[in-house]
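# Structural characterization, general
As a plain string of letters, each chain reads:
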Amino acid sequence: MKTDQPSAPAAIEIRGVQKTYPNGTVALQPVDLTVREGEFVTLLGPSGCGKSTLLKMVAGLLEPTSGRLNLWGQGVNQLDKSGHRLAFVFQAPTLMPWATVQTNVRLPLDLAGVPRAEADARVADALALVGLSRFAKALPRALSGGMQMRVSIARGLVVEPTLLLMDEPFGALDEITRHKLDADLLELWQKKNLTVVFVTHSIHESVFLSSRVVMMAARPGRIVEEFAIDQPYPRTPDFMVSTEFSHYAKRLQDSLLRASRDTTEEARA
Ligand SMILES: Nc1ncnc2c1ncn2[C@@H]1O[C@H](COP(=O)(O)OP(=O)(O)OP(=O)(O)O)[C@@H](O)[C@H]1O
């Protein structure tokens, strides 16, 4: 079983982190959040509440306007000093259409100058982890949307990350494919001892996946509530039809409605 681990070291420490975009949009009020090693944390909230902004700041893709953000005690851009690595998976698979699956997955290793033989072995491992070994030589257009997303995840895993940041990775997929990828992701999380921060709009996905859900509200973006999903792993499809699942989903739905109401009322004022 793997749930919230208060005694595990802090993987992510966010203290008073605020973001104002150059056009003056205050995307995030100062937020505080600690994510412990091994947690699966979901950021949930209405559109525009700053989920992506927060995740991109954790990844070092955006600079906070103020505040402090550490990964394993190091500044975001010094993560390698801690011996940890992060990978970011976007909503769209963003694959190079002219290159094979194998070449797409190898890209981060090619950019890092990893020798070819080692890179190819790591690509093979990453493709095996996402169940795509047979498609190494295929072009992206020959794959379904779900398979393309698996390629994108393999491209993240190939750097052997300890922190996986995912921005609505399965939002564009049909429900059955999404459930399958959610279940596979949980397996990977456990197998690889990952720390995951996952952005979604889906209450059901957040309950199924997370050890903790962080609810955000918009205008300005902020954290409003947190929920521990205190249920054992591995989580099976049976969990999704259990009384406990409905109970968590209802609490999150009420919270999301409150967060959305705040947003609507502030927009009207
Ligand atoms: N590059 C940018 N320049 C100016 N404003 C931006 C920029 N990117 C995002 N914003 C604004 O910042 C706020 C937070 O955006 P963000 O994309 O982080 O929210 P989100 O919760 O991820 O939204 P969604 O769920 O719709 O993806 C929104 O008001 C958005 O319009």
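Just so we're clear, the structure is a prediction, and the values are computed from it rather than from any experiment.

What counts as what
Residues numbered from 1 in each chain as written. Predicted model: local features only at pLDDT ≥ 70, side-chain atom pairs only at ≥ 80, totals over all residues. Buried ≥ 20, exposed ≤ 12 C-beta atoms within 10 Å, placed from the backbone. Helix = DSSP H or I, 4+ residues; strand = E, 2+ residues; numbered from the N terminus. Pairing = 2+ DSSP bridges. Expected span 1.5 Å × (residues − 1). Arc of directions from axis to C-beta. Contact = placed C-beta atoms within 7 Å. Near = placed C-beta within 6 Å. Axes fitted to C-alpha atoms, helices over the stretch in contact; angles between N-to-C directions. Parallel < 35°, antiparallel > 145°, perpendicular 65-115°, else oblique. Left-handed = near helix turned anticlockwise from the far one by under 90°. Nonpolar A, V, L, I, M, F, W, Y, C, P; charged D, E, K, R; others polar. Core = buried A, V, L, I, M, F, W, Y, C linked by C-beta atoms within 7 Å.

Among the five residues of strand β3 (residues 40-44), five are classified as buried, and the element is accordingly described as predominantly covered. Judged by which residues are buried, β3 turns out to be covered on both faces: Phe 40, Thr 42 and Leu 44 on one side and Val 41 and Leu 43 on the other are all buried. Sheet topology note: the β3/strand β8 (residues 195-200) ladder contains five bridges and is parallel. Bridge pairing links Thr 42 to Phe 198 in β8. For β3 and strand β9 (residues 212-217), the ladder comprises four bridges, and the chain directions are parallel. In the sheet register, Leu 44 faces β9, and the bridge partner there is Met 215.

With that settled, consider helix α5 (residues 175-191). With 17 residues, α5 extends 24 Å between its outermost C-alpha atoms, agreeing within 8% with the 24 Å of an ideal straight helix rising 1.5 Å per residue. Along α5, the positions that sit buried rather than exposed are Arg 178, Asp 182, Leu 185, Leu 186 and Trp 189. Relative to the axis of α5, the buried residues are bounded by an arc of 100° and lie together on one face. The exposed set on the far side of α5, more than 90 degrees from its buried face, consists of Ile 176, Glu 187 and Lys 191. On its buried face, α5 is in contact with β3, β8 and α6 (203-209).

Time to look at the site of the ligand. Taken together, 13 residues are adjacent to the ligand, and Tyr 21, Ala 27, Ser 47, Ser 52 and Thr 53 come closest. At three residues, helix α1 (residues 51-59) tops the list of elements feeding residues into the shell around the ligand.

Attention now goes to the sheet that holds strand β2 (residues 26-36). Paired through backbone hydrogen bonds, the strands of a sheet run either parallel or antiparallel to each other. A sheet is described by the order of its strands in space; here four strands give the open sequence β2-β1-β4-β5, paired in antiparallel fashion. Both edges of this open sheet fall to β2 and β5 (74-75), since each of them pairs with a single strand only. Here strand β1 (residues 10-20) pairs with β2 via seven bridges, running antiparallel. Its bridge partner lying in β2, Ile 12 is registered against Val 35.

This part takes up the packing of helix α2 (residues 101-111) against helix α3 (residues 116-129). The N-to-C vectors of α2 and α3 enclose an angle of 125°; their axes lie 9 Å apart at closest approach. The angle between the axes of α2 and α3 places the two elements in the oblique class. Between α2 and α3 the crossing geometry is right-handed. On the side of α2, the interface is formed by Gln 102, Val 105, Arg 106, Leu 109 and Asp 110, while α3 contributes Ala 119, Arg 122, Val 123, Ala 126 and Leu 127. Split by residue class, the contact of α2 with α3 holds six nonpolar, one polar and three charged.

What follows concerns unusual backbone geometry. Here Arg 219 and Pro 220 are connected by a cis peptide whose omega angle stands at -10°. One can find Pro 220 in the loop between β9 and β10 (222-228). Cis geometry is found at the peptide bond from Tyr 233 to Pro 234, where omega equals -5°. The topology assignment puts Pro 234 in the loop between β10 and α7 (237-240). Here Arg 219, not a glycine, exhibits a phi torsion of approximately 50°, which is positive. Inspection of the secondary structure assignment puts Arg 219 in the loop between β9 and β10.

Inspection of α1 places Lys 51, Leu 54, Leu 55, Met 57 and Val 58 among the buried residues, and these make up the whole buried set. Down the axis of α1, the sector holding all buried residues measures 160°, keeping them to one side. Positioned one or two residues after α1, Gly 60 has a phi angle of 80°, which is positive.

Positionally, Thr 65 belongs in the loop between α1 and β4 (66-71). Note on Thr 65: 16 C-beta atoms within 10 Å, which makes it partly exposed. Along the chain, Thr 65 and Gly 50 lie 15 residues apart, while their C-alpha atoms are 14 Å from each other. When residues no more than four places from it in sequence are discounted, the contact partners of Thr 65 are Gln 18, Lys 19 and Thr 20.

In this section: the nonpolar core. The biggest cluster of nonpolar side chains holds 66 residues, and the ones touching the most others in it are Ala 154 and Val 197. Apart from residues lying up to four places away in sequence, Ala 154 is in contact with Val 105, Ala 126, Leu 127, Leu 129, Val 130 and Leu 132.

Let's shift gears to the sheet that holds β9. One open sheet accounts for six strands, arranged β6-β7-β8-β3-β9-β10; its pairing is mixed. Single-partner strands in this sheet number two, and they are β6 (86-89) and β10. For this sheet, the mean angle separating the axes of adjacent strands, direction not counted, is 15°. In the packing of helix α4 (residues 145-157) onto the sheet, contacts are made with β6 and β7 (163-167), and the angle to β6 comes to roughly 165°.

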